[in-house]
Amino acid sequence: MSILVFGKNGQLSRALQRSLTARGAEFSCYGRKELDLIAHPENAAQLIRKLSPDAVINGCAFTDVDGAEKQAAEANILNAKAPGIMAAACAKADIPFIHISTDYVFDGEKSGAYHPTDKRNPLNTYGRSKAAGERAVMAAGGQSLILRTSWVYDGTGQNFMTTMLRLAASETHLNLVSTQFGRPTYAGHLAEACLAALETMPAQPKIYHVSNSGPVISWADFAEAIFDHAKLHPDVTRVSSDHFPRPAKRPDNSALDITDFERDFQHPLQPWQMGLELAFQERNT
Ligand SMILES: NC(=O)c1ccc[n+]([C@@H]2O[C@H](COP(=O)([O-])OP(=O)(O)OC[C@H]3O[C@@H](n4cnc5c(N)ncnc54)[C@H](OP(=O)(O)O)[C@@H]3O)[C@@H](O)[C@H]2O)c1
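Each value, and the rule that gives it
Residues numbered from 1 in each chain as written. Predicted model: local features only at pLDDT ≥ 70, side-chain atom pairs only at ≥ 80, totals over all residues. Helix = DSSP H or I, 4+ residues; strand = E, 2+ residues; numbered from the N terminus. Rg over C-alpha atoms; globule rule 2.2 N^0.38 Å. Buried ≥ 20, exposed ≤ 12 C-beta atoms within 10 Å, placed from the backbone. Core = buried A, V, L, I, M, F, W, Y, C linked by C-beta atoms within 7 Å. Contact = placed C-beta atoms within 7 Å. Near = placed C-beta within 6 Å. Right-handed = clockwise from strand over helix to strand, strands pointing away. Pairing = 2+ DSSP bridges.

Caption draft 1: Structural context of the overall build of the protein. When helices and strands are tallied, the protein shows nine helices and 12 strands. Over its C-alpha atoms the protein spans a radius of gyration of 18 Å, differing by no more than 12% from the 19 Å that the globule rule assigns to 285 residues. Its C-alpha atoms give the protein principal-axis dimensions of roughly 55 × 40 × 40 Å. By residue count, 46% of the 285 residues in the protein fall in the buried class.

Here it is in structure tokens:
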């Protein structure tokens, strides 16, 4: 099976490369240097036609949530227009397509975990662009899957885990947000979920939720788990998200209901504590 991955140096695309290499699968990855999809989103379709892969996974996105407030046009091209073009090209060629979306399509007002059929109501430009991407992929038809995920990280990228480790090594006191809740997703587990899903693709486009399993936690809880693991002991104050005013508003509740994915793909999602363990192992290799 040959797989085309859009994205090369991103967290998910790097994890996909590790998983595909471990399986001995044939694949090719295209990051922004190889194919700038903001400048030329239509080139995604040309590449799909040229390579004629057995499946396509889109790991590309405009993920700078605050930056998107000032670069709405760019965010919309990469997060909405390009996935729509990819999905249409895949549908035309009858190729399975996996696209990744986000908890930020929701407003976080729900009590309890979000189900894939819950109503979207994004709070910021990034979330609106990702929601538009979902609509474009759904409208294209074909064997498309949209996997919404949350709080993605790995051991080496620029993410919450590595930021916390850097701050805890240099600061004696940290303020940590305890009013936003969700579940972290280790990029390696998200990559494995994508590959598991490819084995049982639906005939029609469908949305599923994928995160690590385990208890829903706050960012402060996640930071404390990271510090415990690293045997770091900064002095911590738990604060509300108002303590860190940012250009883009974030949802307070990002918890995703992952039961449909686990059932339909027979793929149990690992607890986030296991993901954290693997992320630490990744730092040591
Ligand atoms: N990070 C999170 O917390 C989070 C949470 C929920 C959902 N998600 C979703 O999960 C997916 C994967 O996220 P991630 O954390 O792996 O993202 P990431 O690490 O920020 O990687 C972004 C990817 O997009 C590519 N890209 C950026 N600009 C591009 C351009 N102009 N043309 C072509 N490619 C471009 C990058 O290319 P290069 O390879 O060249 O760098 C990179 O591969 C995304 O759909 C994201 O929206 C992420």
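Caption draft 2: Looking closely at the nonpolar core. With 78 residues, the main nonpolar core has Val-56, Met-86, Leu-147, Leu-190 and Cys-194 as its most contacted residues. At 10 residues, the largest contribution of residues to this core is made by helix H3 (residues 72-93). Look past the residues within four positions of Leu-190 in its chain and what remains in contact with it is Leu-12, Ala-15, Thr-149, Val-152, Thr-185 and Val-210.

Caption draft 3: Structural view of the site of the ligand. What surrounds the ligand is a group of 28 residues, the closest being Gly-7, Gly-10, Gln-11, Gly-31 and Ala-61. Mapped by element, the contributors of at least two residues to the shell around the ligand are helix H1 (11-22) and strand S4 (97-102). The biggest single contributor to the shell around the ligand is H1, with three residues.

Caption draft 4: Structural detail: the pairing of strand S5 (residues 144-149). Buried residues dominate S5, accounting for six of its six residues. Burial along S5 is two-sided: Ser-144, Ile-146 and Arg-148 facing one way and Leu-145, Leu-147 and Thr-149 facing the other are all buried. With respect to chirality, the unit in which S4 leads through helix H4 (residues 125-140) into the neighbouring parallel S5 is right-handed. The pairing of S5 with strand S10 (residues 206-209) spans four bridges and is classified as parallel. In the sheet register, Ile-146 faces S10, and the bridge partner there is Ile-207.

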